[in-house]
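Overview (structure and organization)
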Amino acid sequence: MNYITEINKLKKEKNAVILAHCYQNIEIDEVADYVGDSLYLSQMAAKTDADIIIFAGVYFMAQTAKILNPSKKVILPNLNAGCEMADMINLQQLREFKNKYPNIPTVCYINSTAEVKSECDICCTSSNAVKIVKSLNSDKVLFLPDRNLGRWVEKQLGNVKVITYDGCCPIHNKLNPTEIKETKTKYPKAIVLAHPECTEEFLSQADYVGSTSGIINFVKNSNEKEFIIATEKGVLDRLKRDYPDKKFYDVYNKPSICPSMKLNTIEDIYNALLNEAPEIEVDKEISQKALKCINRMLEVSK
Ligand code: 13P
Ligand code: SF4
């Protein structure tokens, strides 16, 4: 069976849309209607008039799409696709964190559960985190779960104390400052582009720090020919495909792979569309509270 043809047929029949994150297996782009970073995909999820949303991404992304579209079917093709960072803080831990630092606005990274979002003031993604924190007009904010992104935001703003929870993305966090030094020595002409989920020591050696889309746009707008890409392999794969005249390198020639992001396959997407399952459900009360946190972000990001 040609899954791509069948998926495209089913999409039309069922008025379905496929949203895919840039870290997904690259062949998924052939059936996706929108491919992008977390912010772009949440904006597309908020706008769609499709009846069914297939989210080729991880659990918190599909959950966010469901919160934005409570009456639509939202399907995550492989239910095992979680996010290790999002699982680093639960509601109990959030409450303890807030109790430790009372009366301070709380910003949660979109990489968090619906329960956590339901008790935060506003959420953010890596592409709008600086803008979101700034929008609160507060000299202090609580930021969770990603300590690396929180620290990076604090550095960009200079006048806001960002109190971070001690979570991280294990994939970006393990990108090694010594290895980037050696990779730069090996490719001296290459520009280093890094995701803000990397550690502060690592980011201090980057030429540009930005979200998935930020990195892709940097390459698009640059006359440079060689780049070291310090983020998940999906970005590097797409850059190699889209800019065949430029050279892209992994840090230390070791691809960074998020195993969860690679779980969804074309076959899973076909089965998800055919069976309209596995569906994502969110408790109504949690969903309504989490929606406020997400909508506030979308409003600021307009
Ligand atoms: P962005 O899509 O905001 O770049 O985030 C990267 C990520 O780790 C998603 O899980
Ligand atoms: Fe979560 Fe990191 Fe994977 Fe993104 S790359 S889904 S933050 S574990």
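Residues numbered from 1 in each chain as written. Chains lettered and ligands numbered in written order. Predicted model: local features only at pLDDT ≥ 70, side-chain atom pairs only at ≥ 80, totals over all residues. Heavy atoms only, no water.

**Comments concerning the side chain of Q63**
Within the element layout of this structure, Q63 appears in helix α3 (residues 59–68). Residue classification places Q63 among the buried residues on the basis of a relative accessible area of 8%. Among the polar contacts listed, one links the side chain of Q63 to the backbone nitrogen of A114, at a separation of 3.0 Å. Once residues within four sequence positions are removed from consideration, Q63 is found in contact with S112, T113, A114, I280 and V282. (Helix = DSSP H or I, 4+ residues; strand = E, 2+ residues; numbered from the N terminus. Buried < 20%, exposed > 50% of the residue type's maximum accessible area, 1.4 Å probe, protein only. Polar contact = N/O pair within 3.5 Å; in protein donor to acceptor, adjacent residues only side chain to side chain. Contact = heavy atoms within 4.5 Å.)

**Topic: the layout of surface pockets**
By volume, the largest pocket amounts to about 310 Å³. Looking at the lining of the largest pocket, the elements with two or more residues in it are α2 (38–47), α3 and α8 (170–173). Sort the elements by how many residues they give to the lining of the largest pocket and α8 lands first, with three residues. A per-class count over the lining of the largest pocket returns 14 nonpolar, twelve polar and three charged. (1 Å grid on protein atoms, 1.4 Å probe; cavity = no way out; pocket = protein on both sides within 12 Å on 5 of 7 lines; lining within 4 Å. Points joined across faces, edges and corners; volume = space filled by probe spheres on them. Nonpolar A, V, L, I, M, F, W, Y, C, P; charged D, E, K, R; others polar.)

**Overview of the pairing of strand β3 (residues 52–56)**
Both faces of the sheet carry side chains from a regular strand, because those side chains alternate between them. Within β3, five of the five residues are buried, which leaves the element mostly enclosed by the surrounding structure. Side chains I52, I54 and A56 of β3 all project onto a buried face; the interleaved residues I53 and F55 project onto the opposite face, where all are buried too. Sheet topology note: the strand β1 (residues 16–21)/β3 ladder contains five bridges and is parallel. Each bridged residue has a counterpart across the sheet, and for V17 the counterpart in β3 is I53. The pairing of β3 with strand β4 (residues 73–75) spans three bridges and is classified as parallel. Residue I52 lies in a different strand from β4, and its bridge partner there is K73. (Pairing = 2+ DSSP bridges.)

**Structural notes on the site of ligand 2**
Around ligand 2, the neighbouring residues are Y23, V58, C83, E84, M85, N111, C169, E197, C258 and M261. Taking a 2 Å distance to the grid points as the criterion, the majority of the atoms of ligand 2 fall inside the largest pocket. Among the residues forming the shell around ligand 2, the class breakdown is seven nonpolar, one polar and two charged. (Near = heavy atom within 4 Å. Sits in = over half its atoms within 2 Å of the grid points.)

**Overview of empty space enclosed by the protein**
All told, the structure shown has one cavity of 30 Å³ or more when counted by the stated rule. By volume, the largest cavity amounts to about 50 Å³. What lines the largest cavity is S38, L41, S42, A45, F55, M61, T64, A65 and I110. Of all the elements in the fold, those that place two or more residues in the lining of the largest cavity are α2 and α3. Looking at the lining of the largest cavity, the element that brings in the most residues is α2, giving four residues. Of the residues contributing to the lining of the largest cavity, the split by class is six nonpolar, three polar and no charged.

**Points about the site of ligand 1**
For ligand 1, the set of nearby residues contains 14 residues, the closest of which are H21, S38, S126, H195 and T212. Contact between ligand 1 and S38: an oxygen atom at 2.9 Å from a main-chain N or O atom of the residue. For ligand 1, the accessible surface in isolation is 300 Å², of which the surrounding protein chains cover 96%. Structurally, ligand 1 is housed in the largest pocket. For the shell around ligand 1, a count of residues per class yields five nonpolar, seven polar and two charged. (Areas by Shrake-Rupley, 256 points an atom, 1.4 Å probe, with all protein chains shown as cover.)

Functional significance is not addressed by these values, which are geometric in nature.
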